[in-house]
Amino acid sequence: MGDAVELEAGGRTVRLSSPDKVFFPERGFTKLDLAQYYLAVGPGILRALRNRPTTLERYPEGVSGESFFQKRAPRNMPDWIPTAHITFPSGRSADEMCPTEEAAVVWATQFGTLTFHPWPVRRDDVDRPDELRIDLDPQPGTDFADAVRAAHELRAVLDEFGGLRGWPKTSGGRGLHVFVPIEPRWTFTQVRRAAIAVGRELERRMPEQVTIKWWKEERGERIFVDYNQTARDRTIASAYSVRPRPHAPVSAPLRWSEVDDARPQDFDLATMPARFAELGDVHADMDEHAFSLDALLDLARRDEHEHGLGDLPYPPEYPKMPGEPKRVQPSRARKEKPAGS
């Protein structure tokens, strides 16, 4: 698989063993190709990861091999990569790596990291998110074009409720992500509540195209606004992350003017470096903004007080949360309903 090579990244030397190991057999991309990709988009992915506790999605034998999510910082991590102590919903805690240099991203590729999953917090305050992340997830029977239509209406909703601005990116699959930088004033629970309010408003405006229903059996052929991606310890692949699919797609930051014509399959490990060299990081100005959630939280309160629309179910692995409705899928609930009731 070739002798080890040394790569220069931001003034540091990073050793890469087995550089010729094939990570993407369909395209022939190697571990070295992966590392060089991350060097090419280094300023962009560092902007997305900087000072954020980050989970590593690792494929040590390449995309066709076994994989796992590494939440705890690797024991052999160099001391120049800082960590943050984070707490999971279970009450357990761990130290996660927090990239502050491009070299940290390249170092992670040595261990087969394809995708980086940053928390929506910074290491100086791990309990108050500084991003509201909206995940537009196409359900069976829908596609990227449907997510695009929902994204345009989402853009209008964000603007109407507090003058918020979102930055769109492809998921690396069929979906779209829209990230809104926010002031780190609210808890995970409050940010999730704001995401639910966004989803409900979008559903009201596009009831045949958008849903916020948690249970798959209720979603139909619509775009699902996955509000639970804002819950503690739920993360979304970062901008520029390579996704674990045979053709090595990447999560591509977009300008709103590009969304209509974008094709997710056009953004991959081979094509993104040229785009980055030409345009730079099209989300580079995100960190210059920090919006308020006050208007969305007011909307959430009105939904509850005027329409009886409170909290929604958490994922199954979470402990029961205060105010959460019964966590049972509707078809099962109907079967368990006593006769004559």
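Residues numbered from 1 in each chain as written. Predicted model: local features only at pLDDT ≥ 70, side-chain atom pairs only at ≥ 80, totals over all residues. Heavy atoms only, no water.

1. Thoughts on the layout of surface pockets
In this structure, the largest pocket occupies an estimated 540 Å³ of space. Surrounding the largest pocket, 21 residues form its lining, His117, Asp135, Gln229, Thr235 and Arg243 being those nearest its centre. A per-element tally of the lining of the largest pocket places strand E10 (residues 131-138) first, with 3 residues. Class assignment for the residues of the lining of the largest pocket results in 4 nonpolar, 8 polar and 9 charged. Inspection of the lining of the largest pocket shows a minimum of three residues originating in each of domain 1 (5-126) and domain 2 (131-234 + 289-307). (1 Å grid on protein atoms, 1.4 Å probe; cavity = no way out; pocket = protein on both sides within 12 Å on 5 of 7 lines; lining within 4 Å. Points joined across faces, edges and corners; volume = space filled by probe spheres on them. Helix = DSSP H or I, 4+ residues; strand = E, 2+ residues; numbered from the N terminus. Nonpolar A, V, L, I, M, F, W, Y, C, P; charged D, E, K, R; others polar. Domains from an automatic or database assignment.)

2. Points about the pattern of salt bridges
On inspection of all chains with the given rule, the structure shows 29 salt bridges. Where arginine 263 meets aspartate 266, a salt bridge forms, and the shortest distance between an N and an O atom there is 3.0 Å. Among the ionic contacts, a cluster of salt bridges with common partners joins Arg52, Arg122, Asp130, Glu131, Arg133 and Asp287. (Salt bridge = Lys/Arg side-chain N within 4 Å of Asp/Glu carboxyl O.)

3. Comments concerning the sheet that holds strand E14 (residues 223-225)
The mixed open sheet is built from 5 strands, whose spatial order is E11-E12-E10-E14-E13. In the strand order of this sheet, the two ends are held by strand E11 (167-170) and strand E13 (210-211), each with one partner. Sheet topology note: the E10/strand E12 (residues 176-181) ladder contains 6 bridges and is antiparallel. Bridging across to E12, isoleucine 134 finds its partner in valine 178. Contacts from helix H4 (residues 144-160) reach E10, E11, E12, E13 and E14, with the element oriented near 20° to E12. Sheet strands touched by helix H5 (residues 188-205): E10, E13 and E14. Its angle to E10, the strand with the most contacts, is close to 40°. (Pairing = 2+ DSSP bridges. Contact = heavy atoms within 4.5 Å. Axes fitted to C-alpha atoms, helices over the stretch in contact; angles between N-to-C directions.)

4. Here we look at the domain arrangement of the protein chain
Along its sequence, the protein chain is carved into domain 1 (5-126) and domain 2 (131-234 + 289-307). Taking the mean C-alpha position of each, domain 1 and domain 2 sit 28 Å from one another. In this assembly, 11 residues from domain 1 lie in contact with 6 residues from domain 2. Around 810 Å² of area is buried between domain 1 and domain 2 when both sides are counted, 48% of it from carbon and sulfur atoms. Applying the counting rule to domain 1 against domain 2 returns 2 salt bridges. Across the pair arginine 52 and glutamate 131 runs a salt bridge whose closest N-O atoms are separated by 3.1 Å. Along the lines of polarity and charge, the residues of the side of domain 1 that touches domain 2 split into 7 nonpolar, 1 polar and 3 charged. (Buried area = accessible area lost by both parts, 1.4 Å probe.)

5. Describing the environment of aspartate 20
In this fold, aspartate 20 is placed in the loop between strand E2 (12-16) and strand E3 (22-24). Distance from aspartate 20 to threonine 30, taken between C-alpha atoms, is 5.4 Å for residues 10 residues apart in sequence.

6. A look at the packing of helix H1 (residues 31-40) against helix H3 (residues 102-109)
Relative orientation of the contacting elements H1 and H3 amounts to 165°, with a least axis distance of 9 Å. It follows from the interaxial angle that H1 and H3 lie roughly antiparallel. The crossing of H1 and H3 is right-handed. From H1, Lys31, Leu34, Ala35, Tyr38 and Leu39 reach across to H3, where they touch Val105, Val106 and Thr109. Residues that form the contact of H1 with H3 fall into these classes: 6 nonpolar, 1 polar and 1 charged. (Parallel < 35°, antiparallel > 145°, perpendicular 65-115°, else oblique. Left-handed = near helix turned anticlockwise from the far one by under 90°.)

7. So, empty space enclosed by the protein
Rolled over the atoms, a probe sized like a water molecule indicates the empty space that remains. Counted according to the given criterion, the structure contains 3 cavities of 30 Å³ or more. Roughly 70 Å³ of internal volume is contained in the largest cavity. Around the largest cavity, the lining residues are Arg47, Ala48, Pro118, Glu131, Arg133, Trp167, Lys169, Phe179, Ser238, Ala239 and His283. Residue assignment for the lining of the largest cavity shows that the elements contributing at least two residues are helix H2 (42-49), E10 and E11. Per-class residue counts for the lining of the largest cavity are 5 nonpolar, 2 polar and 4 charged. Counting contributing residues, the lining of the largest cavity receives three or more from each of domain 1 (5-126) and domain 2 (131-234 + 289-307).

8. A word on the UniProt feature "domain: DNA ligase D polymerase" (unreviewed entry) in the protein chain
Mapped onto the present numbering, the UniProt feature "domain: DNA ligase D polymerase" (unreviewed entry) falls on residues 30-282. Here residues 30-282 is 27% helix and 19% strand, with 27 Å between the C-alpha atoms at its ends. (UniProt positions renumbered as here; feature names shortened; annotations may be inferred.)

9. Brief notes about the packing of aromatic side chains
The description of two aromatic rings rests on the distance between their centres and on the angle between their planes. One pass over the structure, following the stated rule, counts 9 aromatic pairs. When the centroid spacing of 6.3 Å and the interplanar angle of 55° are considered together, the rings of tryptophan 214 and phenylalanine 224 count as tilted. With tryptophan 214 in the loop between E13 and E14 and phenylalanine 224 in strand E14, this pair connects stretches of sequence that are 10 residues apart. Here tryptophan 214 matches phenylalanine 224 in class, with each residue buried. (Phe/Tyr/Trp six-rings, centres within 6.5 Å; stacked < 30°, edge-to-face > 60°. Buried < 20%, exposed > 50% of the residue type's maximum accessible area, 1.4 Å probe, protein only.)

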